[in-house]
Amino acid sequence: MILSDKRILEEIDKGHIIIEPFKRECLGTNSYDVHLGKHLATYKDRVLDAKLHNEITYFEIPKDGFVLQPNTLYLGVTMEYTETHRHVPFLEGKSSTGRLGIDIHATAGKGDVGFCNTWTLEISCAQPVKIYAGMPIGQLIYFVVEGDIETFYNSKGNAKYNNPTTRPVESMMWKNKF
C-alpha cells in the first residue's frame, strides 16, 4: 500500500518520515518531489571492475547548468536528506525528467526501512540534455511494511551507505565477498 499525501504528513508529524528541507508544495497526491543537489561525480576509469574500489571525481553543477552526455554514468545526489523509520521508500523519476530522456537510477530505486541519508542518483541520458542544481529530479513514494523490522538499515554494522553525505557515493560492491 502506498501512502497518500495526508498519510505522509501524518508520518512526518510522528517523526516516522523526515525530509529536510521539507516544502509543502513538493508534496504530491502520493509522493514527495526531490531535487538535484549541486554535486555530480563520474568514475575516473572508463572500465569499471566490480571487485575493485572504483574511484570517482566530484564536480559542482555550474549555475548556468551542465550538459549530460549519453554513454556516461553520472552520480548525482538529492538536495533532500531523508529518514524513513517505518516505511519502505522508493525513489522514482518524475515524468518530466523521463520525457527529457533522463534516467535517475539504474537499479537502486528502493531504500530500506531505517535509511537515513541523501539519495545517490545513477544518472544517464538518451541524448545530450542540460540540467541544473535544484531542478526537480525524482519523487519518493512510501510503502507500508507488513510485519516487524528485526534490523533497521541504520543499525546494520555492514550497511555500506550509512555515512551521511551531501555528495554522491560510488559503488561499494567491492566490499562484498564473492
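Note that residues are indexed from 1 along each chain, following the sequence as it is written. The predicted nature of this model means local features are confined to residues of pLDDT at least 70 and side-chain atom pairs, given and counted, to a pLDDT of 80 or more, with totals for whole chains, interfaces and linings taken over all residues. Side-chain numbers here rest on the full set of heavy atoms in the structure, without hydrogens or water.

**Q** Help me out: how do you make sense of the sheet that holds strand 7 (residues 81–84) in this one?
**A** Pairing between sheet strands relies on hydrogen bonds along the backbone, with the strands arranged either parallel or antiparallel. Pairing between strands requires that DSSP locate at least two bridges from one strand to the other. Only DSSP runs of H or I with at least four residues qualify as helices, and only runs of E with at least two residues qualify as strands; both kinds are numbered from the N terminus onward. What the three strands build is an open sheet, ordered 1-7-10; its pairing is antiparallel. The open sheet terminates on both sides in strands that have one partner only, identified here as strand 1 (17–20) and strand 10 (116–117). Inspection of the sheet shows strand 1 paired to strand 7 by four bridges, in the antiparallel sense. Bridging from a neighbouring strand, Glu20 pairs with Tyr81 of strand 7.

**Q** Would you mind showing me how to read the nonpolar core here?
**A** Nonpolar side chains tend toward joint burial in soluble globular proteins. Put simply, a nonpolar core is a bunch of buried Ala, Val, Leu, Ile, Met, Phe, Trp, Tyr and Cys residues held in one set by side-chain atoms that sit within 4.5 Å of each other. The cut-offs for exposure are 20% and 50% of the maximum accessible area for each residue type, with area from a 1.4 Å probe on protein chains only; residues under the lower value are buried, those over the upper are exposed, and the others partly exposed. Leu36, Leu68, Ile123 and Ile131 are the most contacted members of the largest nonpolar core, which has 29 residues in total. Looking at this core, the elements with two or more residues in it are strand 1, strand 2 (32–35), strand 11 (120–125), strand 12 (129–131) and strand 13 (136–144). Setting aside residues no more than four positions away along its own chain, Ile131 makes contact with Leu36, Leu40, Ile61, Gly65, Phe66, Leu68 and Ile102. Every residue pair with non-hydrogen atoms within 4.5 Å of one another is taken to be in contact.

**Q** How should I be thinking about the packing of aromatic side chains in this particular structure?
**A** Any aromatic ring pair is given by two values, namely how distant the centres are and how the planes are angled relative to each other. Pairing of aromatic side chains here covers Phe, Tyr and the six-membered ring of Trp, requires ring centres within 6.5 Å, and sorts the geometry by plane angle: under 30 degrees stacked, over 60 edge-to-face, intermediate tilted. According to the stated counting rule, one finds six aromatic pairs in the structure shown. Summarising the aromatic geometry, the rings of Phe22 and Tyr32 are spaced 5.3 Å apart at their centres and angled 20° between planes, so their arrangement reads as stacked. Remark: Tyr32 occurs in strand 2 and Phe22 occurs in the loop between strand 1 and strand 2; sequence separation between them is ten residues. Between Phe115 and Tyr153, the ring centres sit 6.1 Å apart and the planes meet at 55°, which makes this aromatic pair tilted.

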